[in-house]
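Chains, contacts and geometry: an overview
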Amino acid sequence: MEVEVAERLIAIEVGIELCVYVYALTKDFPRDERYGLTSQIRRSAVSIPSNIAEGSNRHSLKDFLRFMHIAKGSLAELETQLIIAVRLGYIDDFANDLISRVLKLINALIRSLNYRITNND
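Here the residue numbers are simple positions, counted from 1 along each chain's written sequence. Local features are withheld for residues below a pLDDT of 70 in this predicted model, meaning they are given only at 70 or higher, and side-chain atom pairs are given and counted only at 80 or more; totals for whole chains, interfaces and linings count all residues. Side-chain calculation: all heavy atoms of the structure are included, whereas hydrogens and water are not.

Points about the side chain of Ser44
Note on placement: Ser44 falls in helix 2 (residues 37-56). Accessibility expressed as a relative area gives 2% for Ser44, which makes it buried. Here a polar contact means two N or O atoms within 3.5 Å. Within protein one must be a hydrogen donor candidate and the other an acceptor candidate, and residues neighboring in sequence count only if both atoms are side-chain atoms. Of the polar contacts made by the side chain of Ser44, one reaches the side chain of Gln81; its length is 3.0 Å. Note on definitions: a residue-residue contact is assigned when non-hydrogen atoms from the two residues lie within 4.5 Å. With sequence-adjacent residues up to four places away left out, Ser44 is seen in contact with Ser74, Glu77, Leu78 and Gln81. Here a strand is any run of E in DSSP of at least two residues, a helix any run of H or I of at least four, and the numbering for each starts at the N terminus. Burial classification: accessible surface area is computed with a 1.4 Å probe over protein chains only, and a residue below 20% of its type maximum counts as buried, one above 50% as exposed, and the rest as partly exposed.

Written out as structure tokens, the structure is:
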């Protein structure tokens, strides 16, 4: 249980780090993208640590697990949107290593929760 708490806190913190990075990255996007891609990218980024935090405060492990899958989906959405931003020429590149780090943390939480659910922990 202690490992899961530490993983959860680290996942939230790294998710917030990713979110702050994304806001800085999208700061200079074209004005006409303010309500388009910029907004969508930022919403995806905010959703990641928010879902980890919300899920970790749910009363059941299954609810927590569901929120981890939502966070993982938001991360995939963010990565896709950043690839689109690169192809549109809005950015040269993005911190794929930071996205990978968040993904590893979320996957570790998912594995831990699946184990606990399976073993009636």
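Re the packing of aromatic side chains
In summary, the pairing rule links any two rings of Phe, Tyr or Trp, Trp by its six-membered ring, whose centres are within 6.5 Å, and it sorts them by plane angle into stacked for under 30 degrees, edge-to-face for over 60 and tilted for everything else. Enumeration according to the criterion identifies one aromatic pair in this entry. With a centroid separation of 5.3 Å and 50° between ring planes, the pair formed by Phe29 and Tyr90 is classed as tilted. Here Phe29 is found in the loop between helix 1 (2-26) and helix 2, whereas its partner Tyr90 is found in the loop between helix 3 (61-87) and helix 4 (96-118), with 61 residues between them in sequence. When its relative accessible area of 8% is taken as the criterion, Phe29 is described as buried. Classification of Tyr90 as partly exposed rests on a relative accessible area of 26%.

Side note on the packing of helix 2 against helix 3
Interhelical geometry of helix 2 versus helix 3 gives an angle of 160° and a closest axis separation of 8 Å. When the axes of helix 2 and helix 3 are compared, the pair comes out roughly antiparallel. Every pair of crossing elements has a handedness; the one defined by helix 2 and helix 3 is left-handed. We call Asp, Glu, Lys and Arg charged. Ala, Val, Leu, Ile, Met, Phe, Trp, Tyr, Cys and Pro are nonpolar, and the rest, Gly among them, are polar. Tallied by class, residues from the contact of helix 2 with helix 3 come to 15 nonpolar, eight polar and two charged. Orientation is described by lines fitted to C-alpha atoms, with helices fitted over the stretch in contact, and by angles between N-to-C directions that extend from 0 to 180 degrees. These descriptions rest on fixed angle ranges, namely under 35 degrees for roughly parallel, over 145 for roughly antiparallel, 65 to 115 for roughly perpendicular, and the rest for oblique. In this scheme the crossing of two helices becomes right-handed for a clockwise turn of the near helix relative to the far one and left-handed for an anticlockwise turn of less than a right angle.

Details of the nonpolar core
The biggest cluster of nonpolar side chains holds 33 residues, and the ones touching the most others in it are Leu18 and Ile52. Elements that contribute at least two residues to this core include exactly helix 1, helix 2, helix 3 and helix 4. Broken down by element, this core gets its largest block of residues, nine residues, from helix 3. Aside from chain neighbours lying at most four places away, what touches Ile52 is Arg8, Ala11, Ile12, Phe64, Met68, Ala71, Ile106 and Leu109. Only buried residues count toward a nonpolar core. Its members are Ala, Val, Leu, Ile, Met, Phe, Trp, Tyr and Cys residues joined through side-chain atoms within 4.5 Å.

This is a description of form; function is not addressed.
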